Amino acid sequence: MILGLDHVQVNAPRGHEEDARAFFGAFLGLEELQKPEALRGNGGVWFALPDGRQIHTGVTAAFVPSEKGHVCLFCNDLDAVLVRAEQFGVACSLDTRLPLRRLYCSDPWGNRTEIVEGRHTQ
């Protein structure tokens, strides 16, 4: 019945779009997508992941950051992500509880983001 994941939407406060471009676009290197005309008035920004999936940011009126629930992205070089995070002033914390190398950081509005080296297998 379910074939996969198409996109994830991250909640953000009104007026967040430039910060979204800095975090998801400049820092994470994701390509910005043009939102459909019918949805542009809602605010938010869409980004493409290399595998065809997407991350959308959406305006939430009574925004509260998600400190536990999160998006998890994967990479092939976590050390390179750490270097880039330092260059962009993004604070990260390594999590060594699992054999899988991973870190946590927050988007500009305090939502938790996880980045793993490789992929979760279980």
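Scroll up to find the structure this text is about.
Residues numbered from 1 in each chain as written. Predicted model: local features only at pLDDT ≥ 70, side-chain atom pairs only at ≥ 80, totals over all residues. Heavy atoms only, no water.

1. What to know about the pattern of salt bridges
Oppositely charged side chains can pair when the atoms bearing their charge come close.
Line of reasoning, step 1. Counted by the stated rule, this structure contains 9 salt bridges.
Line of reasoning, step 2. Residues E18 and R21 are paired through a salt bridge, measuring 2.8 Å at the closest nitrogen-oxygen approach. With E18 and R21 both in helix α1 (residues 17-27), this residue pair falls 3 residues apart, about one helical turn.
Line of reasoning, step 3. E32 serves as the salt-bridge partner of R21, at 2.9 Å between the closest nitrogen and oxygen. (Salt bridge = Lys/Arg side-chain N within 4 Å of Asp/Glu carboxyl O. Helix = DSSP H or I, 4+ residues; strand = E, 2+ residues; numbered from the N terminus.)

2. Some details on the sheet that holds strand β4 (residues 54-59)
Line of reasoning, step 1. If you walk across this open sheet you meet the 4 strands as β1-β4-β3-β2, and the pairing is mixed. Looking at strand neighbours, the two that pair on one side only are β1 (7-12) and β2 (31-33), the edges of this open sheet. Direction aside, neighbouring strands of the sheet carry axes that sit 30° apart on average.
Line of reasoning, step 2. Two strands pair when backbone bridges link them, and β2 and strand β3 (residues 46-48) are joined in this way by 3 bridges, in the antiparallel orientation. In the sheet register, E31 faces β3, and the bridge partner there is A48. (Pairing = 2+ DSSP bridges. Axes fitted to C-alpha atoms, helices over the stretch in contact; angles between N-to-C directions.)

3. Some details on helix α2 (residues 78-88)
Line of reasoning, step 1. Within α2, the full set of buried residues consists of L78, V81 and A85. Down the axis of α2, the buried side of the element spans an arc of 50°, and every buried residue falls inside it. In α2, the exposed residues that point more than 90 degrees away from the buried face are E86 and Q87.
Line of reasoning, step 2. Contact partners of the buried residues in α2: α1, β5 (71-75), β6 (92-95), β7 (102-106) and β8 (112-117).
Line of reasoning, step 3. Taken from the residues just after α2, G89 is the one with a positive phi, measuring 70°. (Buried < 20%, exposed > 50% of the residue type's maximum accessible area, 1.4 Å probe, protein only. Arc of directions from axis to C-beta. Contact = heavy atoms within 4.5 Å.)

4. Description of the layout of surface pockets
Line of reasoning, step 1. One number sums up the size of the largest pocket: a volume of about 660 Å³.
Line of reasoning, step 2. L49, C72, L73, F74 and C75 are, among the 24 residues lining the largest pocket, the residues nearest its centre.
Line of reasoning, step 3. Secondary-structure elements contributing two or more residues to the lining of the largest pocket are β4, β5, α2 and β8.
Line of reasoning, step 4. Sort the elements by how many residues they give to the lining of the largest pocket and β5 lands first, with 5 residues.
Line of reasoning, step 5. Across the lining of the largest pocket, the residue classes tally to 17 nonpolar, 3 polar and 4 charged. (1 Å grid on protein atoms, 1.4 Å probe; cavity = no way out; pocket = protein on both sides within 12 Å on 5 of 7 lines; lining within 4 Å. Points joined across faces, edges and corners; volume = space filled by probe spheres on them. Nonpolar A, V, L, I, M, F, W, Y, C, P; charged D, E, K, R; others polar.)

5. Considerations on the nonpolar core
Nonpolar side chains in soluble globular proteins generally cluster together in the buried interior.
Line of reasoning, step 1. Core analysis: the biggest nonpolar cluster contains 23 residues, and F24, I55 and I115 have the highest contact counts within it.
Line of reasoning, step 2. Listed by contribution, the elements that provide at least two residues to this core are β1, α1, β5, α2 and β7.
Line of reasoning, step 3. The element contributing the most residues to this core is α1, with 4 residues.
Line of reasoning, step 4. Not counting residues within four places of it along the chain, the set of residues in contact with I55 comprises V8, V10, F24, L30, V45, W46, F47, L49, V71 and L73. (Core = buried A, V, L, I, M, F, W, Y, C linked by side-chain atoms within 4.5 Å.)

Coordinates in, geometry out; function isn't part of it.
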